Amino acid sequence: PPGTPVSALAQASHVPVPLPLAPTHLPAASSPHVIATRTWLQLHRLQELCGVGRKHDVAKHLYALAAGQIASLKSLDDASKPAVLLDLGTCDGRSTAPCFRECARHIRERDAGAHPPRPQRPVVAIFEDHRHNEWSPLLTRDLKHELGEGVFPLVSNTSFYEEVTAPGSVDLAFSNCAMHFLASSEPPGTFQKALRHVTADASLAEDAAAIAAFRATAAADWQRLLLCRAAELKPGGRLVVSSFAVDERTGFHWGHGGTGASIYHVLAECVQGLVRDGLLTSAEQRRATSPAYYRSLAEFTAPLDDPNSAVSRAGLVLASAEVRHFACPLRAELVAQRAAAAPVDAAAYAQTFVEMLRCVTSWEVVRAFGSGSGDEARPADERQRLVDRVYADFAARVEARPDDFSFDFVLCHMVIEKS
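Residues numbered from 1 in each chain as written. Predicted model: local features only at pLDDT ≥ 70, side-chain atom pairs only at ≥ 80, totals over all residues. Heavy atoms only, no water.

Q: What is the right way to look at the overall build of the chain in this model?
A: For the chain, the count of helices and strands is 14 helices and 8 strands. Each of the 419 residues in the chain was classed as buried or not, and the buried ones make up 53%. When contacts within the chain are restricted to residue pairs at least 6 apart in sequence, long-range pairs at least 24 apart make up 81% of them. A total of about 17,500 Å² of accessible surface is found on the chain, and carbon and sulfur atoms cover 56% of it. (Helix = DSSP H or I, 4+ residues; strand = E, 2+ residues; numbered from the N terminus. Buried < 20%, exposed > 50% of the residue type's maximum accessible area, 1.4 Å probe, protein only. Contact = heavy atoms within 4.5 Å. Areas by Shrake-Rupley, 256 points an atom, 1.4 Å probe, with all protein chains shown as cover.)

This is how it looks when you write it as structure tokens:
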């Protein structure tokens, strides 16, 4: 029933629902047929574990930053036009709807406080994600009622690597933890053992070449993405971005925040264990390379710092940018238990930790098994057993040393304005 706590739902049912686990912003021409299983419950459980509605919620910081732009948005000076809000990479929209409501409230307050007061203008709220997104959790909700009077929800399945709306139509666009995915489903290179570039071994020729290819591709994709936003934004409109990043000062990134093991190193070791046991070929292991890239602050700001770049010539101006660290909510609770001398259930911590890890990374692990054809193709049940083994191995490591495992978030927050 609606409103049932996720924990109760999890106890009641574990019926798997196939979801597309590939990056959600891939052009249709290169969209992969990645076969995997994840439950709809896990999608919501991930948000619960990340702290949705709690003090640890990393999304709320972005959405407070986005709503805080309303008071000074020059594009809203013309009250005769609807205000248009755009969320890029909405997923199931669960955390987006509160941001849309808060932005609409700020718009109402701005118009009411004008001299003379302005009539209430319509607000258009656009939920955007790729056509391979799992849309049913969003589309089965009563969005009109949820967003409130005078707010008109729309849904777009156009990738944010393309123009989503009509030129010059958006007042405020924002994106939460989605823009690390590259435009193509196929990575620009492969690593011998790593899943992502942040844990690749630059001393190996293959990995060094792949890292360079990833860096070049990520730069081109970032420019492409920004040029689409430059076309969509009204003059005086803004783009607010929160994206996974690498802290240049420390080398920290998501899953490696200095408080324990590097998540992607450990996960790669678990996948490599299948290779050692003869259950996975080296070629298959390379296919697990993720088509995603964590940019540094310098890489995020490069096209905006160059006055002669295509992005700058298109009218985008950097208002602010910073890299922020957010401590893992799960580990914070573990530390609190230790401080209170309370008993710690290492097995339960490991189960919860790996459940969250699997929600975030399973599509990468499944890549290793989902690209074969003919004699190379593995039966679905065999693929599932191998993927389960990877995460069982990871869980055993967490249970043995729970204090060494933490999901720290390292995010770049940016505000960009259309001049």
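Q: Looking at this structure, I do not really get the confidence of the model for the chain. What am I missing?
A: Low pLDDT marks regions whose predicted coordinates should not be analysed in detail. Overall, the predicted model of the chain reaches an average pLDDT of 85, with 84% of residues at or above 70. Below a pLDDT of 50 lies the segment residues 1–47, which in the model reaches 100 contacts outside its immediate sequence neighbourhood of four places, other chains included. Ignoring residues within four places in sequence, the model shows residues 51–56, a span with pLDDT below 50, making 12 contacts including any to other chains. (pLDDT = per-residue confidence, 0-100.)

Q: Please explain the pattern of salt bridges as it appears in this structure.
A: Counting across every chain of the model gives 19 salt bridges. A salt bridge links Asp77 to Arg110; the nearest nitrogen and oxygen atoms lie 2.5 Å apart. With a gap of 33 residues between them, Asp77 in the loop between helix H3 (58–67) and strand E1 (83–88) and Arg110 in helix H4 (residues 96–112) connect regions that are remote in the sequence. With a relative accessible area of 45%, Asp77 lands in the partly exposed category. Judged by its relative accessible area of 15%, Arg110 falls in the buried class. Between Arg286 and Glu206 there is a salt bridge whose closest N-O contact spans 2.8 Å. Taken together, the residues span a long stretch of sequence, with Arg286 in helix H9 (residues 282–287) and Glu206 in helix H7 (residues 205–232) at a distance of 80 residues. Using a relative accessible area of 25% as the deciding quantity, one classes Glu206 as partly exposed. A single network of salt bridges, built from pairs that share partners, joins Glu102, Arg105 and Glu109. (Salt bridge = Lys/Arg side-chain N within 4 Å of Asp/Glu carboxyl O.)

Q: Looking at this structure, I do not really get unusual backbone geometry. What am I missing?
A: A negative phi angle characterises most non-glycine residues, just as the trans form characterises most peptide bonds. Cis rather than trans, the peptide bond between His115 and Pro116 has omega equal to -5 degrees. Structurally, the position occupied by Pro116 is in the loop between H4 and strand E2 (123–128). You will see that Cys91, though not glycine, has its phi angle at about 60 degrees, which is positive. As for its placement among the helices and strands, Cys91 is situated in the loop between E1 and H4. Although it is not a glycine, Cys177 adopts a positive phi angle of roughly 55 degrees. Its location among the elements puts Cys177 in the loop between strand E4 (170–176) and H7. Of the residues examined, Cys177 reaches a relative accessible area of 18% and is grouped as buried.

Q: Help me out: how do you make sense of the packing of aromatic side chains in this one?
A: Here the distance between the centres and the angle between the planes together describe a pair of aromatic rings. One pass over the structure, following the stated rule, counts 17 aromatic pairs. Grouping aromatic residues by their ring pairs yields a cluster made of Phe244, Trp254, Tyr264, Tyr294, Tyr349, Phe353, Phe394, Phe405, Phe407 and Phe409. Lys144 extends its terminal NZ or CZ atom over the ring of Phe152, reaching a point 4.7 Å from the ring centre. (Phe/Tyr/Trp six-rings, centres within 6.5 Å; stacked < 30°, edge-to-face > 60°. Lys NZ or Arg CZ within 6 Å of the ring centre and 35° of its normal.)

Q: Whenever I open this one, helix H10 (residues 297–305) confuses me. Can you help?
A: Side chains three or four residues apart in an α-helix point the same way, a direct result of the helix having 3.6 residues per turn. Among all positions of H10, only Phe300, Thr301, Pro303 and Leu304 are buried. Projected down its long axis, H10 shows its buried positions confined to an angular sector of 150 degrees, all on one face. Of the surrounding elements, those touching the buried residues of H10 are H7, strand E5 (233–246), strand E6 (295–296), helix H11 (310–313), strand E7 (316–326) and strand E8 (409–418). (Arc of directions from axis to C-beta.)

Q: Would you mind showing me how to read the pairing of E1 here?
A: One face of the sheet, then the other: side chains in a regular strand alternate in exactly this way. Of all 6 residues in E1, 6 are buried; the element is thus mostly enclosed. The two faces of E1 match: Ala83, Leu85 and Asp87 on one face and Val84, Leu86 and Leu88 on the other face are all buried. Looking at chain direction, E1 and E2 are connected through 6 bridges and run parallel. Paired with Asp87 across the strands is Phe127, a residue of E2. Bridging between E1 and E4 involves 3 bridges; their strand directions are parallel. (Pairing = 2+ DSSP bridges.)

Q: Could you clarify how one ought to interpret the nonpolar core in this entry?
A: Proteins that are soluble and globular tend to have nonpolar side chains buried together. With 43 residues, the main nonpolar core has Leu267, Phe353, Val365, Phe369, Phe394, Phe407 and Phe409 as its most contacted residues. Counting only elements with at least two residues in this core, the list comes to E5, helix H8 (263–276), helix H12 (329–339), helix H13 (346–367), helix H14 (380–400) and E8. Sort the elements by how many residues they give to this core and H8 lands first, with 9 residues. When residues no more than four places from it in sequence are discounted, the contact partners of Leu267 are Leu195, Leu357, Thr361, Val365, Val390, Tyr391 and Phe394. (Core = buried A, V, L, I, M, F, W, Y, C linked by side-chain atoms within 4.5 Å.)

Q: In this structure, what is going on with the packing of H7 against H10? I would like to understand it.
A: When two helices pack together, their arrangement is given by the angle between their axes and by how far apart the axes lie. The interhelical angle for the contact between H7 and H10, taken along N-to-C directions, is 50 degrees, at an axis separation of 10 Å. The angle between H7 and H10 places the two elements in the oblique class. As H7 packs across H10, the resulting crossing turns out to be right-handed. Mapping the contact onto sequence places Arg215, Trp222 and Leu226 in H7 and Glu299, Phe300 and Pro303 in H10. (Axes fitted to C-alpha atoms, helices over the stretch in contact; angles between N-to-C directions. Parallel < 35°, antiparallel > 145°, perpendicular 65-115°, else oblique. Left-handed = near helix turned anticlockwise from the far one by under 90°.)

Q: What's the story with the state of the cysteines in this structure? I'm lost.
A: Under the defined criterion, the tally for this structure stands at 0 disulfides. No disulfide involves Cys103; its sulfur sits 4.1 Å from the nearest other cysteine sulfur, which is in Cys99. On the basis of relative accessible area, Cys103 is assigned to the buried category, the value being 0%. (Disulfide = S-S within 2.5 Å.)

Q: What should I look at first to understand H8 in this one?
A: The first and last C-alpha atoms of H8 sit 20 Å apart over 14 residues, in line with the 20 Å expected at 1.5 Å per residue. Counting buried residues along H8, 11 of its 14 residues qualify, which places the element largely inside the surrounding structure. Packed against the buried residues of H8 are H9, H13 and H14. (Expected span 1.5 Å × (residues − 1).)

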